[in-house]
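Examining the three-dimensional arrangement
Spelled out from the first residue to the last, the chains are:
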Amino acid sequence: MLNLQLGIRYSVGKHAQILRDLKPSDFDPREKFWTRFPPEGSKITPPHQSSDFRWKDYCPVVFRHLRELFQVDPADYMLAICGNDALRELSSPGKSGSFFYLTQDDRFMIKTVKKSEVKVLIRMLSSYFQHVCRYENSLVTKFFGVHCVKPIGGSKTRFIVMGNLFCSEYRIHRRFDLKGSSHGRTTNKPEDEIDETTTLKDLDLNYVFRLQRNWFQEFINQIDRDCEFLEAEKIMDYSLLVGLHFRDDSNYDKMGLSPFLLRSGKKDSFQNEKFMRGCRFLEAELQDMDRVLSGRKPLIRLGANMPARAERMARRSDFDQYTPGGFSHLTPSRSGEIYEVVLYFGVIDILQDYDISKKLEHAYKSLQADPSSISAVDPKLYSKRFRDFIGRIFIEDR
Ligand code: ATP
């Protein structure tokens, strides 16, 4: 961690002054620079307490421009990562064995990655850059840097710095990592161990999300564009990460939500529920007003701070049988319980391409499960299944 902080301070400091335009050669995969950090310091590096190591920067000028595009101030960036408050290590949320760190201000996330993932990112960097420049609402992960640390005589650790989707004033009560596939897509945790930090998966999903008309259309269009981009880059295995904040969290309990919040859908209680909903809106609006007055009102963007409604569904895994590759059962099991929520979402884990090992994984898993239900399918099919799935779990709120 210390090496990483020393390296980032050096790189950001070095490139902060360079404000020239980008050249095609900046995207060249050979644009990588090694710097040695001896403990006693050198002409260009400070003395430090860690062991002798080398530091590698990949396409630094491009990432300098990306940080600017994503409105990350160099001083804030350096302070968040290299300040005295150490980075927080998260208990590894993924299967891949990657380590995750969060900066104290929650804005940036650092993930250790494989060599193949760095290769994929550098390979697609130019089209990624064009894509995020063209679509400011793009939901694909925001990348701020790619680096490598190699202690002398030790092995390399590669990592990326990216935006934390859940950097929010609001508490995230539930999080879902959704791929649109079903094979193995559950947390496998008993209900009483599931809490706000658990990343739930497709089979655990028990909501559909209702978005206001304009947002809904913008979302579907943007997902189409993002998936087209990923498909063209032969990327697969990505997820839609969704975070939910329940606006009335005062009665929120561990198992789910308080009955106070529920709208039962029965006709005779409709007036009462309408009144309760009015109260909830009022309360939420007052809270928002507080935020406006104190200058803390978060900006609504596609995928960040989005007001929406979440309708409770039966969990996919509550069904013994499932439709291969599909989630069509969601509709009949609607419960009519609706919650006012604030949503956060984005497309993460976009550095897996469909290489030979994925083809083998697909072939192997196909022997055990329905081929359309497993995660490793070719990028075209993956994107289609992903979009179809999103089209079922996000609906327009009328
Ligand atoms: P797997 O192999 O299980 O797909 P992985 O190790 O490749 O996982 P990711 O899929 O990138 O890792 O992320 C694992 C989890 O880390 C996500 O489900 C999410 O909870 C969290 N996470 C990853 N990226 C972000 C991000 N940009 N913002 C917030 N949380 C994130």
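Computed from a prediction, not measured in an experiment: that's the story for all the values here.

**Brief notes about the overall build of the protein**
The secondary structure content of the protein amounts to eight helices and 14 strands. Counting only residues that meet the buried cut, the protein has 51% of its 398 residues in that class. Counting only contacts in the protein whose residues sit at least 6 apart along the sequence, the fraction spanning at least 24 positions is 73%. Here the protein displays about 19500 Å² of accessible surface, and carbon together with sulfur accounts for 53% of that area.

**Section: the sheet that holds strand β9 (residues 199–201)**
The seven strands lie next to each other as β9-β8-β11-β13-β12-β10-β14, forming an open sheet whose pairing is mixed. In the strand order of this sheet, the two ends are held by β9 and β14 (394–397), each with one partner. Between one strand and the next, the sheet's axes are offset by a mean angle of 40 degrees, whatever the strand orientation. Strands β10 (207–212), β11 (239–246), β12 (306–312), β13 (338–348) and β14 of the sheet are contacted by helix α5 (residues 213–232), whose axis makes an angle of about 110 degrees with β10. Across the sheet, helix α8 (residues 379–393) is in contact with β8 (174–178), β10, β11 and β14; its angle to β14 comes to roughly 40 degrees.

**Observations concerning the packing of α5 against α8**
At a minimum axis separation of 9 Å, α5 and α8 run at an interaxial angle of 165 degrees. The orientation of α5 with respect to α8, classified from their angle, is roughly antiparallel. Where α5 crosses over α8, the handedness of that crossing is right-handed. In this structure, α5 uses F219, I220, I223, D224, C227, E228 and E231 to contact α8, whose residues at the interface are P379, K380, S383, F386, R387 and I390.

**Some words on the side chain of T112**
You can see T112 is positioned in strand β5 (residues 108–113). In this structure the side chain of T112 is engaged in a polar contact, spanning 2.8 Å, whose partner is the backbone nitrogen of F99. The contacts of T112, once residues within four sequence positions are left out, are S98, F99, T157, R158 and F159.

**Remarks on the sheet that holds strand β3 (residues 88–90)**
Across the sheet, which stays open at both edges, the seven strands sit in the order β1-β2-β6-β7-β5-β4-β3 with antiparallel pairing between neighbours. Two strands in the sheet have a free side with no partner beyond their single neighbour: β1 (32–37) and β3. Direction aside, the axes of adjacent strands within the sheet are offset by 25 degrees on average. Here six bridges tie β1 to strand β2 (residues 53–58), and the two strands are oriented antiparallel to one another. Following the sheet pairing, T35 is matched in β2 by W55.

**Some details on the pattern of salt bridges**
Applying the stated criterion across every chain, the model contains 20 salt bridges. Note that R210 and D397 form a salt bridge whose closest N and O atoms lie 3.4 Å from each other. Remark: D397 occurs in strand β14 and R210 occurs in strand β10; sequence separation between them is 187 residues. For R210, a relative accessible area of 16% gives the class buried. Members of the salt-bridge network, linked through shared partners, are R210, R309, E311 and D397.

**Re the pairing of β5**
With six of six residues buried, β5 lies mostly within the body of the structure. Residues of β5 alternate between two faces, with F108, I110 and T112 on one and M109, K111 and V113 on the opposite face, all of them buried. Where strand β4 (residues 100–102) hands over to β5, the hairpin turn is made up of five residues, of which D106 adopts a positive phi near 70 degrees. Sheet topology places β5 next to strand β7 (residues 157–163); six bridges connect them, and they run antiparallel. In the strand pairing of β7, M109 is matched with M162.

**Notes on a positive patch on the surface**
Residues K32, K115, K119 and K156 make up a contiguous surface patch of positive charge. Summarising the element assignment, K32 is placed in strand β1.

**Topic: the environment of A310**
Within the secondary structure, A310 sits in strand β12. C-alpha separation for the pair A310 and Y339, spaced 29 residues apart in sequence, amounts to 5.2 Å. Once residues lying within four places of it in the same chain are set aside, the contact partners of A310 are Y207, V208, F209, L244, E337, I338, Y339 and V341.

**Some details on α5**
The first and last C-alpha atoms of α5 sit 29 Å apart over 20 residues, in line with the 28 Å expected at 1.5 Å per residue. Along α5, the positions that sit buried rather than exposed are F216, F219, Q222, I223, D226, C227, F229, L230 and E231. Elements that come into contact with the buried residues of α5 comprise α4 (115–134), β10, β11, β13, α8 and β14. Residue K234 follows α5 closely and has a positive phi angle near 60 degrees.

Rules used in this analysis
Residues numbered from 1 in each chain as written. Predicted model: local features only at pLDDT ≥ 70, side-chain atom pairs only at ≥ 80, totals over all residues. Heavy atoms only, no water. Helix = DSSP H or I, 4+ residues; strand = E, 2+ residues; numbered from the N terminus. Buried < 20%, exposed > 50% of the residue type's maximum accessible area, 1.4 Å probe, protein only. Contact = heavy atoms within 4.5 Å. Areas by Shrake-Rupley, 256 points an atom, 1.4 Å probe, with all protein chains shown as cover. Pairing = 2+ DSSP bridges. Axes fitted to C-alpha atoms, helices over the stretch in contact; angles between N-to-C directions. Parallel < 35°, antiparallel > 145°, perpendicular 65-115°, else oblique. Left-handed = near helix turned anticlockwise from the far one by under 90°. Polar contact = N/O pair within 3.5 Å; in protein donor to acceptor, adjacent residues only side chain to side chain. Salt bridge = Lys/Arg side-chain N within 4 Å of Asp/Glu carboxyl O. Patch = residues over 30% accessible without salt bridge, like charges linked within 9 Å, V, L, I, M, F, W, Y side chains within 5 Å. Lys, Arg positive; Asp, Glu negative; His and termini not counted. Charge placed at Lys NZ, Arg CZ, Asp CG, Glu CD. Expected span 1.5 Å × (residues − 1).

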